[in-house]
Each structure stands twice: as C-alpha cells, then as structure tokens.
Amino acid sequence: MSVDMERSVRERVPPLLTDLYQFTMAYAYWRAGRHQEPAVFELFFRSNPFGGGFSLFAGVHDCLLFLRGFGFTDQDVEFLRSVMPPATDPAFFQFLRGLDCSRVTVRSVPEGAVVFARVPLMEVTGPLAVVQLLETSLLCLVNYASLVCSNAARFRLAAGPNRKLLEMGLRRAQGPDGGLTASRYTHIGGFDLTSNVQAGFLFGIPVAGTMAHSYVTSFTSLQEVFPRTLVPLNGDPDSVDVISLAKGWLNRVCELLEAEPGKIHEGELAAFLSYATSYPQNFLPVIDSYSVGCSGMLNFCAVALALCELGYRPVGVRLDSGDLCRQSVTLRRVFRLCGDHFSIPTFDSLIIVGTNNISEESMAELNSKENEINMVGVGTHLVTCTKQPSLGCVYKLVEVRETPRMKISEDPEKTTIPGRKAVYRLLDAEAHPFLDLLCLVSESPPEAGLPLSCYPLGGDNSSVSVTPAQVTCLRQEVFTNGQVAQALCSTSETRAKVQRSLQTLHPRHKRLQEPDSYTVALSEKLYSLTTEIQRSSSDDSNFLVAN
C-alpha cells in the first residue's frame, strides 16, 4: 500500500470531519456512564441507484485507513472545547484525547462487490461513544465512492466490453477531493483511463490526454510552427522539413478526396504540425475546432501521412461536437481510403475518440447506431452522477448491551431491522446470485441443497421457500484490535474484482432499463424478532404515561 495514499486519507478525513451532534451525543453517553457499553451499528442503503438493479460497494479501503489512524490531537480537542456548549465537563475533552479504534471491530462486504438495497454492508462494533463518533466519516467515505463506482459500471455495461473508456471529469467534479475520488472509483467501476494526473500518481491509473481546442485556435499561421524539422525514425540523421512534407501530403489528400483546399484552416494545420514535432509517436489531435470535413480531417491526414513517411505511427483523432457516429463513419472510410491509396496499412487502425457530453443514454445509443468510435471520454454525467446525486447510505444502531434495537418509523422505508446479523448470498445452479439472506448471528448458516423458508423484504409478509445450489457468507472481518485484518487490495486488483462480481450477476438484474428486482429476505428467526419488537413497541407498557 502506498504511503502517499495513507497520508492522503489522513489529510482528507481527519476525525473532525464529522457532524457536531456526534460529539454532543458522545458527551451525553459519557456523562451518563454509557460510553463504554458494547454497541453495534450497520451501514446500508435503502434503494438501488439510478433506477437500476444493483450497486457496487466501494470506499472500504479508505474506511480501514481512517479507522487505523483515528485519534484526536491537542489542537482538535481545543477546537472542540471552543464550539461545544459551555456546560460541557472539561474531563470529557481528556476522554476524547485518549480515544482510538483499538476496541472496534468491522465486518464488511468486500470492496468492489455487487450489493443490493437493505443489505447491511458493514457492521461496526465497539464502545458506544466511539462507534457513534465514526458514523459521519464512514458514510462520507462510502456514499459517493459507491455511487460513482456504480455509475461507472453502468457506463461500462452501456458501452460493452471492448470500447475503451476515458474518465475526464476533473474540471466538472465537486471539488478536488470529489475529482480524485471520481477518478479512482470510476476506474474501479470499469473505466480504462483517466485524464487526472494526480489520480495516476496516487492510484496507478493509466493517464491519457493530448490537446484542447485552445491549443488549436492559438495558432494562425504556418510561420508559428517550431521546430520546423523532424528527424526520421529510420536512423537517417538528416532532418526533414515537416511543413513542406505535410503541404505536399495535403495536396495529395485533397486530390484523392476531391476536397476544396481553400476551406482548410492554416492555423489548424500549424497547430497539428507543432504538436506532431513535439510528440511524433503520440499524435492524436482534436479535429473539430473549425470544420471536421472541410479542415480538421484533411489537416490530420496530411500530418499523419507525413509522420508515417518518416517512420512514425500516429495514434488517431478526437471528435468533440456534432454527430459523433456519422462523423466517425466518414473518418474511418477516409482512413481506409488513404491507407489503401497510399499503401499505408496502419492508417486503418487509427483510433477515433468521441467526447461530446456523453451520458449513459448516448453511450447506449452508440451500440444501436453505426459508428467507428474506439474510445469514449466521459466527464460531467459520470463524475457528478447527474441521474442521482446521492446514494443515501445510512448508519443505524441495531444492538446495545447485547440487546437488539430497532427504529420504528411512520415511514416503513425508514424502519430498521434489529439485532446483529450474518448475511448470506444464495446462488442458483448456474452460480447466479438470486437472494441475499439476513439471519441473526446466532443462527446456523443456510446449507446448499437444503430448502429454507424466509420472508422477502417489501413483500406481503408471507414466507417463501428456496433451495440454494451454493451459499456464500458476504461479510468478512476486515478490522480488529485497531488493525486492518486483511491485506489491502490495489486499485487494479479491486477493479478486476468488480468485473468478476458483475459477471456472476444474472442479465435480468443488470439490465440498465427496468431490471428485475433482486430479493433480500429475512430468516424466520429474524422476521419473528422484528415483528415481536414492532408489536411490543405499541404496548402500553412502553409508554411513560399509559392511558
């Protein structure tokens, strides 16, 4: 694990990055002598994002680093003394100064796993005051990470497995940390590359990028090209005048395509030549600063053919406006025509990048229309999650002093499920998950090949019988005694894990539109406990003044 990454987490998520009421509650627990009581909290979300059938769980890695480094400095404590109510006992601040996570245990679904609404993804146990203080920070670390990772997975499903995807949303992200988080977790969710250099440095993500329209429009004349020569790659020591060479190729291309030379923009040709002499092996310009058909395409072909003559291999072009599909088809036809006519077979393998405000819908549309786009760059709609800006993860108390606790709300969606739990995923004969089962931790696990009765959440309170072909335990102990309990995966390892997890999912659950609902159910014992607590909560004995 990179030291830079751990430092990054510590700097981004200090223990004061939380809500004030966490401290006021911790004080009240401390004042009442309850702060050391053993407590259990669960982290989950209530509905799958983007109207989809699944989510990806992300942010666990950073949660573990946060827990390992959790502790208050003298400066932290002095600031808290200044903002908490004046009646706060000064001894409480000494208590805070000595806090850490040495008595905290976390059991979690693995980072990158496919998950579903209402399933407890993370269980946090420990002294009541400490695990209460962790709430906001843990939610902050997993909410956006899981959301943007899930969004990236949907873009990947829409694009198909073969098209390269470039994340380029840093300038549109919600601040620097949002941009870094987006770059990291969109790569984990299925994107191949990022434009974010710092994300490449911290997380080892491949970075990519060449030029913007501003570079092209900054040139007006071939007089601005420098250097004006390029040494051939074949070892010939004599430099070649690339301007004359490109102009000659431009005439031949115009003649081949029957194009009008008078509409070609000289400044664009100058920009392409200047960049090509700087990076002759990485030539991939944006070609729609003026007109793709009348200028950009012709100037690119001229410069690319000049590079080929000198032994270099141009990379391709980027389109950033107009009908990307139609333009890509025209470009591919021209590349093939030039390759055949001028006997340069590599021209047929030039890549075409599309980057015009791509959304999930327009990505899916690429698969339904004829196009020759090899790579798609996505920014705004990916990193800002425009279809749904928040996942809505929550962190709820389910047990204190070994007694199940339950929030009973007038809104059934906000009612919690009490008690410490084990979570199992049931697979069918084809190894597709079909049901996640929540049990009390004291129950025996379900067994493959044996039928069991359970109560689906959101159903009509009737039981169903299911027989799993395979059973897996979803959560693992990942943090104990103040230490991370398992080796932390790299970004690339987690990315591979995501793709394996998605491959197990049945197509009906990962459809982007109108997916089938995945079943999450309670065991008979957990269902009985839940209904018993709900029933007893309405008894007169639970009210201070009974009628």
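Below, the structure is looked at part by part. Residue numbers here run from 1 along each chain, matching the order of that chain's written sequence. In view of the model being predicted, local features appear only for residues whose pLDDT reaches at least 70, and side-chain atom pairs are presented and counted only at 80 or more, with totals across whole chains, interfaces and linings using the full set of residues. Side-chain figures throughout are based on the complete set of non-hydrogen atoms in the structure, without hydrogens or water.

## A closer look at the overall build of the protein chain
A run of H or I in DSSP becomes a helix once it reaches four residues, and a run of E becomes a strand once it reaches two; helices and strands are each numbered from the N terminus. Regarding its fold elements, the protein chain presents 19 helices and 22 strands. Principal-axis analysis of the C-alpha atoms gives the protein chain an extent of 95 × 55 × 45 Å. With 547 residues in all, the protein chain has 53% of them scored as buried. Nonlocal contacts in the protein chain, meaning residues at least 24 apart in sequence, comprise 75% of its contacts between residues at least 6 apart. With residues, only the protein chains shown are counted as cover, and all accessible areas are computed by Shrake-Rupley using a 1.4 Å probe. Summed over its atoms, the accessible surface of the protein chain is roughly 24200 Å², and 50% of this surface lies on carbon and sulfur atoms. Side chains of the protein chain give 48 positive and 57 negative charges; the mean places of these two sets differ by 2 Å. Under the scheme applied here, a residue whose accessible area is under 20% of the maximum for its type counts as buried, over 50% as exposed, and between as partly exposed, the area being computed with a 1.4 Å probe on protein chains only. Only heavy atoms matter for contacts: two residues are in contact if any of them lie within 4.5 Å across the pair. In this count, Lys and Arg are taken as positive residues and Asp and Glu as negative ones, while His and the chain termini are left out. Lysine's charge is taken at NZ, arginine's at CZ, aspartate's at CG and glutamate's at CD.

## As for the pattern of salt bridges
It is possible for side chains of opposite charge to pair when their charged atoms get near one another. Salt bridges are identified by distance alone: a Lys or Arg side-chain nitrogen within 4 Å of an Asp or Glu carboxyl oxygen. Applying the stated criterion across every chain yields a total of 27 salt bridges. When the shortest N-O distance is used, the salt bridge between Glu365 and Lys369 registers 3.8 Å. Looking at Lys369, the relative accessible area reads 35%, which means it is partly exposed.

## Looking at the sheet that holds strand E11 (residues 351–354)
The sheet built from five strands is open, its strands ordered E7-E6-E12-E11-E10 with parallel pairing. Of all the strands in the sheet, the pair left with one neighbour each is strand E7 (193–194) and strand E10 (316–319). The pairing criterion for strands is at least two bridges between them, as found by DSSP.

## Quick notes on the state of the cysteines
In this description, a disulfide is simply a cysteine sulfur pair whose atoms lie within 2.5 Å. Throughout the structure, instances matching the rule amount to zero disulfides. This cysteine, Cys338, is not joined by any disulfide, and Cys301 carries the nearest cysteine sulfur, 4.3 Å off. Lacking any disulfide linkage, Cys473 is separated from the closest cysteine sulfur, that of Cys439, by 9.6 Å. Accessibility expressed as a relative area gives 47% for Cys473, which makes it partly exposed.

## Side note on a nonpolar patch on the surface
Each patch is built from residues lacking any salt bridge and having more than 30% relative accessible area; the joining distance is 9 Å for like charges and 5 Å for nonpolar side chains (Val, Leu, Ile, Met, Phe, Trp, Tyr). A surface patch of nonpolar side chains, about 260 Å² in accessible area, is lined by Leu20, Phe79 and Val83. Relative to the elements of secondary structure, Val83 occurs in helix H4 (residues 74–83).

## Brief notes about the nonpolar core
Proteins that are soluble and globular tend to have nonpolar side chains buried together. Membership of the largest hydrophobic core comes to 156 residues, with the highest contact counts inside it found for Leu96, Leu134, Phe300, Phe347 and Met363. Looking at this core element by element, the count peaks at 13 residues for helix H7 (residues 135–159). Not counting residues up to four positions away in its chain, the partners in contact with Phe300 are Phe272, Phe283, Pro285, Ile287, Gly316, Val317, Phe335 and Leu350. Within this scheme, the nonpolar core is defined by two criteria: the residues are buried Ala, Val, Leu, Ile, Met, Phe, Trp, Tyr or Cys, and they are joined through side-chain atoms within 4.5 Å. With eleven residues, the next largest nonpolar core counts Ala422, Tyr424, Leu452 and Val466 among its residues.

## Remarks on the sheet that holds strand E20 (residues 476–480)
Ordered by their spatial adjacency, seven strands build an open sheet running E14-E13-E1-E5-E3-E20-E21, and the pairing between neighbours is antiparallel. Here the strands that pair on one side only, and so sit at the sheet edges, are strand E14 (403–404) and strand E21 (483–484). Sheet topology places strand E13 (residues 394–400) next to E14; two bridges connect them, and they run antiparallel. Residue Glu399 lies in a different strand from E14, and its bridge partner there is Pro404. Here the axes come from fitting lines to C-alpha atoms, over the contacting stretch only for helices, and the angles between their N-to-C directions go from 0 to 180 degrees. Sheet contacts for helix H3 (residues 60–68): strand E3 (105–108), strand E5 (122–127), E20 and E21; angle to E20, the most-contacted strand, approximately 30 degrees.

## Some details on the pairing of strand E12 (residues 375–378)
Along E12, one buried face is formed by Met375 and Gly377 and the opposite face, lined by Val376 and Val378, is buried too. Here strand E6 (residues 164–167) runs beside E12; their pairing, made up of four bridges, is parallel. What sits directly across from Leu166, in E12, is Gly377. Bridging between E11 and E12 involves two bridges; their strand directions are parallel. Across the sheet, the residue bridging to Val353 is Met375, located in E12. Crossover handedness for the path E11 to helix H15 (residues 360–366) to E12: right-handed. By convention, a crossover is right-handed whenever its connection, traced from the first strand over the helix to the second and viewed with the strands pointing away, goes clockwise.

## What to know about helix H13 (residues 292–309)
A rise of 1.5 Å per residue sets the reference length of H13, with its 18 residues, at 26 Å; its end C-alpha atoms lie 23 Å apart and thus fit the reference within 8%. Here H13 lies mainly inside the structure; 15 of its 18 residues are buried. Of the residues one or two after H13, Gly311 is the one with positive phi, at around 95 degrees. What a helix is expected to span follows from its residue count: subtract one and scale by 1.5 Å.

## With respect to the packing of helix H8 (residues 175–189) against helix H17 (residues 491–504)
Interhelical geometry of H8 versus H17 gives an angle of 45 degrees and a closest axis separation of 7 Å. Considered as vectors, H8 and H17 are oriented oblique to each other. Residues Arg184, His187, Ile188 and Gly189 of H8 pack against Thr491, Thr494, Arg495, Val498 and Gln499 of H17. Roughly parallel means an angle under 35 degrees; roughly antiparallel, over 145; roughly perpendicular, 65 to 115; everything else is oblique.

## Overview of the environment of Ala145
Inspection of the secondary structure puts Ala145 in helix H7. Measuring from C-alpha to C-alpha, the distance between Ala145 and Thr277 comes to 40 Å, with 132 residues separating the pair along the chain. For Ala145, the contacting residues outside a window of four places in its chain are Ala58, Gly59, Thr181 and Tyr185.

Remember, this is a structural readout, not a statement about activity or role.
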